[in-house]
Amino acid sequence: MSMQIITDPNRFQEQALKLRCQGKVTGLVPTMGYFHEGHLRLMRWARENADTVLVSLFVNPTQFGPGEDLTSYPRDMERDKELAALEGVDILFAPSSEAMYEPGFSTRVQVPALSRTLCGESRPGHFEGVATVVAKLLVLSLPVVAVFGEKDWQQLALIRRMVRDLNLPVAVHGHPIVREEDGLAMSSRNAYLTPDQRAQAPAIHQGLVRTRDIAEQGERDCRALLDFFSSWIKEQLPLGSLEYAAIVHPQTLEPLTELEDEGLLAVAVRLGRARLIDNIVCR
Ligand code: PAF
């Protein structure tokens, strides 16, 4: 079957409903496009675990704050269409902003307990935009399973919470972070990096791995671990600056002072025009 491209939300919902009524296991991969290997792996996972693969491609304006990169966010629709077709995607849903947000649109989905910390501190309103659009995409596509990358761990935790709280009939699958050979987490925003910045960027993942190793060797004090990580970034990434580094409970995102069982070390680094996030589980 060749890939269908649908731009009208109502048509997409009709098709998705039909598939679900036929008993098909449908898998949704929500994206903002400009596909890289990370997106393609999510599509491959969906291809292997679902009968029908639905991919949404929508640069959602409501999750960008004033002064953020909405207008410059990288886009390449023609290339994305080709890549999605090569991955065996069945339906590519690529709506316009006007179709997703009709005049008078006023509903907002909030998950306050998971939105205020980490990235939420410097991006007020971001997670409300994410939760609202993901709720819409889930209701439009009614998938059996939806796949999200673990790089955006906070986003994934919040979507899991929202799905549970609203009894949405979908299984949420978190896919492990896909990395470049040198360890940099794949992201569409890596395209913003100059060659010098790109050369230093792997220091983020290296710092995470070293910090996790120190935890595994017995350092359980989160302050000491975070101090190590911030000194590492200062030394190894002079072109960048650390926006935050925190060790939190992996599901509730509450900050931890001592590592008992496991904690998530989550970080955001500013490097030139890019804001890069990454994380690692410390045990
Ligand atoms: O992770 C993303 O690409 C976006 O935040 C998402 C989930 C597609 C919602 O716009």
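So, here's what we can say about the structure. Quantities reported herein were computed from a predicted structural model and do not represent experimental measurements.

### Describing the pairing of strand S2 (residues 26-31)
Here comes step 1: Among the six residues of S2, six are classified as buried, and the element is accordingly described as predominantly covered.
Here comes step 2: Taking every second residue as pointing to the same face, both faces of S2 are buried, with Thr26, Leu28 and Pro30 on one and Gly27, Val29 and Thr31 on the other.
Here comes step 3: Inspection of the sheet shows S2 paired to strand S3 (residues 52-57) by six bridges, in the parallel sense. If you follow Leu28 over to S3, its bridge partner there is Leu54.
Here comes step 4: Following the chain from S2 across helix H2 (residues 37-49) to the adjacent parallel S3, one finds a crossover that is right-handed.
Here comes step 5: Bridge count for S2 against strand S5 (residues 145-149) is two bridges, and the pairing is parallel. Of the residues in S5, the one forming a bridge with Leu28 is Ala146.

### Here we look at helix H11 (residues 222-236)
Side chains that are three or four residues apart share a direction in an α-helix, a result of its 3.6 residues per turn.
Here comes step 1: Along its 15 residues, H11 runs 21 Å from first to last C-alpha, staying within 8% of the 21 Å computed at 1.5 Å per residue.
Here comes step 2: Of all the residues in H11, the buried ones are Cys222, Leu225, Leu226, Phe229, Trp232 and Ile233. The buried residues of H11 all sit within an arc of 120° when viewed along its axis, so they share a single face. Opposite the packed face of H11, turned more than 90 degrees from it, sit the exposed residues Lys234 and Glu235.
Here comes step 3: Elements that come into contact with the buried residues of H11 comprise helix H10 (203-216), strand S7 (240-248) and strand S8 (263-271).

Cut-off values and rules
- Counting restarts for each chain: residues are numbered from 1 in the order of the written sequence.
- Local features in a predicted model are, by the rule used here, given only for residues with pLDDT of at least 70; side-chain atom pairs are given and counted only at 80 or more, and totals for whole chains, interfaces and linings are based on all residues.
- Side-chain measures here rest on the full set of heavy atoms in the structure, leaving out hydrogens and waters.
- Burial classification: accessible surface area is computed with a 1.4 Å probe over protein chains only, and a residue below 20% of its type maximum counts as buried, one above 50% as exposed, and the rest as partly exposed.
- Every helix listed is a DSSP run of H or I at least four residues long, and every strand listed is a run of E at least two residues long, numbered separately from the N terminus.
- Any two strands with at least two DSSP-identified bridges between them are counted as paired.
- Here is how to tell: hold the view so the strands point away, follow the path from the first strand over the helix to the second, and if it runs clockwise the crossover is right-handed.
- Residue count minus one, scaled by 1.5 Å, sets the expected span of a helix.
- Here, the arc refers to the directions that run from the helix axis to the C-beta atoms.
- Residue contacts follow a heavy-atom distance rule, with two residues in contact if any of their heavy atoms lie within 4.5 Å.

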